[in-house]
Amino acid sequence: MPLREGVLWQIRVGIVRLLTIGEEGSLITLGFWGAGDLVGHPLARIQPCQIECLTNVEAMRLEIGQCGNLQQVMLTHIAQMQELIRIRHGQIAKRLQLLLTWLATKFGSPTEQGHLINLRLTHQQIAEAIGTSRVTVTRLLLELERNNCIGYSGQQCIILHDHGWEIPISGY
């Protein structure tokens, strides 16, 4: 989705993430946005910045003047970015648990097995969101699965089981 001066996109269907690039070239996730959310240049003033579609997305283009609740939208963006900054600090295993819990709250739905995160993220995308390596995320997810803290749906979406989140993950 293009970022243009004075243009917002209202997500109708799908999920996007907002990214920037760190000094060392690593991708940094600034936010995840879904149906009903607004994204665009007026809300993301950091450079460089891009919007990546994580699913098939339908969005409606809005001029900045068409957004009657811009102040509330900006506050929502700030709150989400602050939450993701908070998640990026501390022990890596805890970062992963916080991110998965946050994603389940924002994009999840209850199931018999636990809470389904209705979003397929690669291990690399998860690593970028919590500030670690893909290899570390893969190891931690395997350990969470072995400890029966998570499972996977038929579409390979993560299911957070309703028990076991306080099980320590070794070495991280």
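The rules behind each value
Residues numbered from 1 in each chain as written. Predicted model: local features only at pLDDT ≥ 70, side-chain atom pairs only at ≥ 80, totals over all residues. Heavy atoms only, no water. Helix = DSSP H or I, 4+ residues; strand = E, 2+ residues; numbered from the N terminus. Polar contact = N/O pair within 3.5 Å; in protein donor to acceptor, adjacent residues only side chain to side chain. Contact = heavy atoms within 4.5 Å. Pairing = 2+ DSSP bridges. Axes fitted to C-alpha atoms, helices over the stretch in contact; angles between N-to-C directions.

**Student:** Honestly, the side chain of Q80 in this entry has me stumped. Any pointers?
**Tutor:** Its place among the elements puts Q80 in helix α1 (residues 70-87). A polar side-chain atom of Q80 sits 2.5 Å from the main-chain amide nitrogen of F32. When sequence neighbours within four positions are dropped, the list of residues in contact with Q80 reads G31, F32, W33, W102 and K106.

**Student:** Is there a simple way to think about the sheet that holds strand β3 (residues 27-33) in this case?
**Tutor:** Strands sit in the order β3-β2-β5 across an open sheet of three strands; the sheet is antiparallel. The sheet terminates laterally at β3 and β5 (50-53), the two strands that pair on one side only. With strand direction ignored, the average angle separating the axes of adjacent strands in the sheet is 30°. Bridging between strand β2 (residues 16-21) and β3 involves six bridges; their strand directions are antiparallel. Paired with T20 across the bridge in β3 is I28.

**Student:** How should the environment of S153 be read in this particular structure?
**Tutor:** For S153, the location among the structural elements is in the loop between β9 (150-152) and β10 (158-161). Distance in space between the C-alpha atoms of S153 and E24 is 35 Å, their sequence separation being 129 residues. Every residue in contact with S153, bar those within four places of it in the chain, is listed here: L116 and I159.

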